[in-house]
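Each chain, letter by letter, is given below.
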Amino acid sequence: MTLGMSAMDGRGFYYPTDLAIGENGRFYVTNRSIEGVDRGVRVTMCDIDSNYYGIFGYHGEKPGQFIHMSSIAVDNEQNLYITDEYMNRISKFDNEGNYIENWGETGSREGLLDCPSGIAIDSEQQVYISDTENNRIQIFDKNGTFISSFGHGSLKLPWGLTINNNGDIYVADWGNHRIVQFSKSGDILNSFGSFGSKDGELKNPAGMAVGPDGTLYIADWGNERVQVFDSNGNFVDKTRGQATLSKWAENFLSINTEEADARSRSNLEPEIEFFNDDPHEESSHIEKLFWSPLSIKLDAEGLLYIVDGNRHRIQIYQT
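Residues numbered from 1 in each chain as written. Predicted model: local features only at pLDDT ≥ 70, side-chain atom pairs only at ≥ 80, totals over all residues. Heavy atoms only, no water.

A. Molecular detail of the side chain of Thr30. In this fold, Thr30 is placed in strand E3 (residues 27-31). The class of Thr30 is buried, set by a relative accessible area of 0%. Side chain to side chain, Thr30 and Thr17 meet in a polar contact 2.7 Å long. Contacts of Thr30, omitting those with residues within four sequence positions, involve Tyr15, Pro16, Thr17, Asp18, Arg42, Val43, Met69, Ser70, Ile72 and Ile82. (Helix = DSSP H or I, 4+ residues; strand = E, 2+ residues; numbered from the N terminus. Buried < 20%, exposed > 50% of the residue type's maximum accessible area, 1.4 Å probe, protein only. Polar contact = N/O pair within 3.5 Å; in protein donor to acceptor, adjacent residues only side chain to side chain. Contact = heavy atoms within 4.5 Å.)

What follows is the structure, encoded as C-alpha cells:
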C-alpha cells in the first residue's frame, strides 16, 4: 500500500526524509521541505491505517525548530531524536511531539558534529549518529554526552544507519557506494556492494534495513530503486516502485472532482524517449516509481516502509 500525499502543512508529507515507528503504532515522519518553503518543515504523526494525529516542529532556529531535518529514531522511553544537518544538533521530543531538549555543537573534534544525518539507538540506549562531513560515526548517551567514535578513514559521507539484533551497526557509506557492517567495537565486519547500476551494484545508497536472518533491504538512492541482498551480500531482488493511490489521496480526489476527472484521462505510465539512461529521468515522469528513496524501516510484522522523498509518500511492502 501507499501512505501519504503531498501537502505543505497538516495531513500529508512534503519531501519526507525518514520515519520512526513508536510502540503506540504511530509513525513519525520527518518532512524537510525545499529551499525557500518554510511551511513544509514539520513532523507528521499518523499510522498504517492513515489515521492522522497532528504535527510538531516548525521551520526556524529556536529550540524545537528545524532547518534541514534528516533522520529520526525512538528510544525505549518512546522519546524521539531528530537530526538537523544545518544546525548540527539533535532535538529530543516525547511521543506526543512536546519538545524536551536539544544538544550538539559544530566542529570536527570528538563529540562535535558537522552535518549529522542518520541516527539509530541500540539496546543499551546509546545514540549512534552519522557525522557526515566528518566521515565518521559518533556515539552519545541519550543526554548528548560523547562516548566514542569509529569509521575514521573508511567512510566517505556516511548517511543512513541501522542496528541488527546482535548490535552490529550497518552504515550507508554514501560516498563509497556501499553498505558497511561494523561490530559494536567499531571494527569492519563486512561491506556490501560496489559502484554501478547493474544488479547488486549501488550508487549513493541512503539507508537500509536488516532482517532477522541478515537480509539487507537497501535504498539505492542514486539508482532510484530498492535492492535486496542476502546476508553474504549476494543480490536477491530489486524493485523500482509500485505505488498506488493512498487513502489520503483518494479522499482528496473524491472532493476535488475536476482533478479526479483529469487524472482518470491521464496516462500515468507514458512511454517516453528519455534524454539519457539516468533512472532519475524515468522516475520523474512515471508516478508509481520511486523518486528519491531515502530511508527503509522494517517492523516486527515483516513490513518494509520505504520513504519516497520526491513523491511525498511512503511505499509499504511485504518482505
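So much for the structure itself; the text now carries on.
B. Region of interest: the sheet that holds strand E11 (residues 99-103). Here 4 strands make up an open sheet; going across it, the order is E8-E9-E10-E11 and the pairing antiparallel. Looking along the sheet, the strands with just one partner apiece sit at the ends: strand E8 (69-74) and E11. Neighbour to neighbour, the strand axes of the sheet diverge by 20 degrees on average, direction disregarded. Note: strand E10 (residues 89-93) against E11, 4 bridges, orientation antiparallel. Opposite Phe93, over in E11, you have Tyr99 as the bridge partner. (Pairing = 2+ DSSP bridges. Axes fitted to C-alpha atoms, helices over the stretch in contact; angles between N-to-C directions.)

C. Looking closely at the packing of aromatic side chains. This structure, assessed with the given rule, holds 15 aromatic pairs. Each ring, one from Tyr52 and one from Trp248, has its centre 6.4 Å from the other, and the planes form 90 degrees; the classification is edge-to-face. Separated by 196 residues along the polypeptide, Tyr52 in strand E5 (residues 52-56) and Trp248 in helix H1 (residues 247-255) bring together distant segments of the chain. For Trp248, a relative accessible area of 1% puts it in the buried group. Through successive ring pairs, a cluster of aromatic residues spans Phe56, Phe66, Phe93 and Tyr99. Taking NZ or CZ as reference, Arg26 lies 4.3 Å from the ring centre of Tyr53, over its face. (Phe/Tyr/Trp six-rings, centres within 6.5 Å; stacked < 30°, edge-to-face > 60°. Lys NZ or Arg CZ within 6 Å of the ring centre and 35° of its normal.)

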